[in-house]
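Each chain, letter by letter, is given below.
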Amino acid sequence: MPIEHWMMFGTFAEQKHFAYPSDSSYAGVLVNGNMAAYAPDGIAAFLMERTRNLDYVIDPLTHAFQHDPGAVLDAEGKPKKALLALATEYGELAAQIIGQRPMLPSDLADTGILDDFVDRVLEFQRTYVSSRMSNNPNAKYLGEENACRGPLALIPPYFYLTETSLAEWLPLMKKAAERAVVNKRNGEKLYMSIVVSQGLILGEGQRKDLADQVRQTGCDGFFLWVDNLDENQAGGPELQGLIHLAACLRGSDQRPVVNRHGGYFSVMAAGVAGNHAFSGVMHGPEFGEFRSVVPVGGGIPIARFYIPQLHSRVKYRAALRYLQRKGWLADASTFHSNVCDCRACQEVIGDDANRFTRYGESVSKTVNRRYGPVAMEFPTPETKLRCLRHYLQRKGREYEFCGASTKQRTLDDLESGVAAFESVSGREGVDHLRLWKSVLTTENG
Amino acid sequence: MRPAMRSESQLVEMLVEYLKSTGFEVQTELPNMGQSVDVVAHKDDRLWFIEAKRKGLGRALAQCKAHELVADYVCIALLSSTILDSTREELGRLGYGLLLYKVQDCAWHWEVEPRLNGSVWHPQRSVFERNWTGGGNAD
């Protein structure tokens, strides 16, 4: 059963990646509401030209209003333009509070205010971008039906749910979803966005109850996001909780559940190895396999090479050490046989394994640090593109493999990764593979 | 007697002084594969990478792993008068050198001699050498 491979739109510079390795690599694209509000013509063009074969959804980003207002301010202390544009579309409440104070459950206690908020959030997704598609120069070639296509599904207002805030926000989310379901137009689908803290997924009873409540709204599917859940670092209880919550949301009627920020563990869970706990998994161009709900930001970019057998993006210097110690950089044939023979690696490595350095090429810049100027390395744009293309090639193979493989083959693949790399990476480098295998084995017998 | 050392940068300054006095050309804070090498010393066509710490070997050992791909000799310089036997054995197993700055005599001592590193990957070494001439702090 194919696993839906979704990708998140981040910046216009990333547009071309949505057709890589091919036009049919992805099932869907998610566009954040602030981008849609700020650059609707550009987003319309992107959806029509680059991704016309893909489904799309617009994330209304309503959770952004509930956090510390500082998170939405620019360097001058004003609301970021894109979010301000979004807030304006959502009506008086959002426009008044953005950048001033967080939205509280009590702000939406009045039914009239909540209903207005729901309607505006949905109308924005329905028309703000699609109405601009007819102005696109390519519209005439696509025919009326395809020229102004709407999103695959609308997402009712949603909020970040934690153990302590669940009791206040969930009832509002349910009311919002129920209103959306009642008022949905012909052929429309509604997917709820379920954004939860890691703590919230640890209790079995809590997971079942949450899933039951949101399924009762009658929505057609779900996008699930667990705050900052890095599947390569997570513990067994978190991974088990993730699979179980997804399965509960799917239910016996197998409603679609897409993991908004998932890595290879989620891809396996979407396959037979995880009893199809997810219908699809999403990530960004090289980033986004996990993400904090409240943006953390910062950090110095480092070149990372996606090691296929580890299913991990590994710092270039570590990847080099592992591969060199294994002897897999002896020559190109050895590299392609043991590491990767994807199109990107064929182009980068070619017939010379020494070219592996191209996955780590950097430029040195002077940066002012606490104790004075320091020379630091930053990957070149070419390096980032090479690493990204290799990553996307491997991700495509992972989704195909897990969608078609048997459970045993999926688990055996993890074991072979351990066997291949433990001697060079130590236990730390492979323990996530052991844990994934353990969780998938336990979960489904 | 020198005043008490307050910072790693002071330790590095003194290390640089010592290495120069023994015939090395020295640069500090050179980038290598996304991290910075505290001290890069050069003598007799050999590259020495040295991580300097006031205390605690753990981080230095982690950084040194990547240095094995480029440097002929990988060393750690520590502000300490002694080390544990287990540390000595571990460094010996890894082939890393250890310089200790002992406050008793305000001098550097080679506590563990480094072994010539056989793990250099020459393509990456070439990249470093090309970049080395263009960056870092020449001391």
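None of these values were measured; they are calculated from a predicted model. Residue numbers restart at each chain and count upward from 1, following the sequence in its written direction. A letter from A marks each chain and a number from 1 marks each ligand, given out in the order of writing. With pLDDT at 70 or above as the cut-off, local features in this predicted model cover only qualifying residues; side-chain atom pairs require 80 or more to be listed or tallied, and sums for whole chains, interfaces and linings still use all residues. In computing side-chain values, all of the structure's heavy atoms are included and hydrogens and water are not.

As for the confidence of the model for chain B
Residues shown with low pLDDT carry predicted positions that ought not to be read at fine detail.
Part 1 of the argument: Think of pLDDT as the predictor's per-residue confidence, scored from 0 to 100. Here chain B shows a mean pLDDT of 89. Residues at 70 or above account for 91%.
Part 2 of the argument: For this predicted complex, the interface score ipTM comes out at 0.87, while the overall pTM is 0.91.

Concerning the interface of chain B and chain A
Interface size is commonly expressed as the accessible area that is lost once the parts come together.
Part 1 of the argument: Contact residues are listed per partner, giving 20 residues for chain B and 18 residues for chain A.
Part 2 of the argument: Accessible surface is computed with a 1.4 Å probe, and the buried area is the amount of it that two parts give up when combined, taken over both parts together. Of the roughly 1,600 Å² buried at the junction of chain B and chain A (both faces included), carbon and sulfur atoms supply 59%.
Part 3 of the argument: Whenever a carboxyl oxygen of Asp or Glu lies within 4 Å of a side-chain nitrogen of Lys or Arg, that contact is scored as a salt bridge. In this structure, the connection of chain B to chain A is made through one salt bridge.
Part 4 of the argument: A salt bridge links Arg325(A) to Glu68(B); the nearest nitrogen and oxygen atoms lie 2.9 Å apart.
Part 5 of the argument: Here a polar contact is taken to be a pair of N or O atoms separated by no more than 3.5 Å, where protein atoms must pair a possible hydrogen donor with a possible acceptor and residues adjacent in sequence count only if both atoms sit in side chains. Linking chain B with chain A are seven residue pairs in polar contact (both at pLDDT 80 or more), by the criterion used here.
Part 6 of the argument: Labels follow the DSSP assignment, with helices taken as runs of H or I lasting at least four residues and strands as runs of E lasting at least two, numbered in each case from the N terminus. Per-element accounting of the side of chain B that touches chain A gives the leading share, four residues, to helix H4 (residues 122-132) of chain B. Residue contacts are counted whenever heavy atoms from the two residues lie within 4.5 Å of one another.

Comments concerning the packing of helix H8 (residues 166-182) of chain A against helix H9 (residues 204-215) of chain A
Residue and element names in this part refer to chain A.
Part 1 of the argument: Here H8 crosses H9 at 25°, and the two axes come no closer than 10 Å. By the angle between their axes, H8 is roughly parallel relative to H9. Seen from above, H8 lies across H9 with right-handed handedness. Across from Leu 166, Leu 170 and Lys 174 in H8, the residues of H9 making contact are Leu 210, Gln 213 and Val 214.
Part 2 of the argument: Looking at side-chain class alone, the contact of H8 with H9 contains four nonpolar, one polar and one charged residues. The axes are straight lines fitted to the C-alpha atoms, using for helices just the contacting stretch, and the angles between their N-to-C directions are given from 0 to 180°. For this classification, under 35 degrees means roughly parallel, over 145 means roughly antiparallel, 65 to 115 means roughly perpendicular, and everything else is oblique. Crossing chirality is assigned from the near helix's rotation relative to the far helix, an anticlockwise turn below a right angle marking it left-handed and a clockwise turn marking it right-handed. For this classification, Asp, Glu, Lys and Arg are treated as charged, while Ala, Val, Leu, Ile, Met, Phe, Trp, Tyr, Cys and Pro are nonpolar and the rest, including Gly, are polar.

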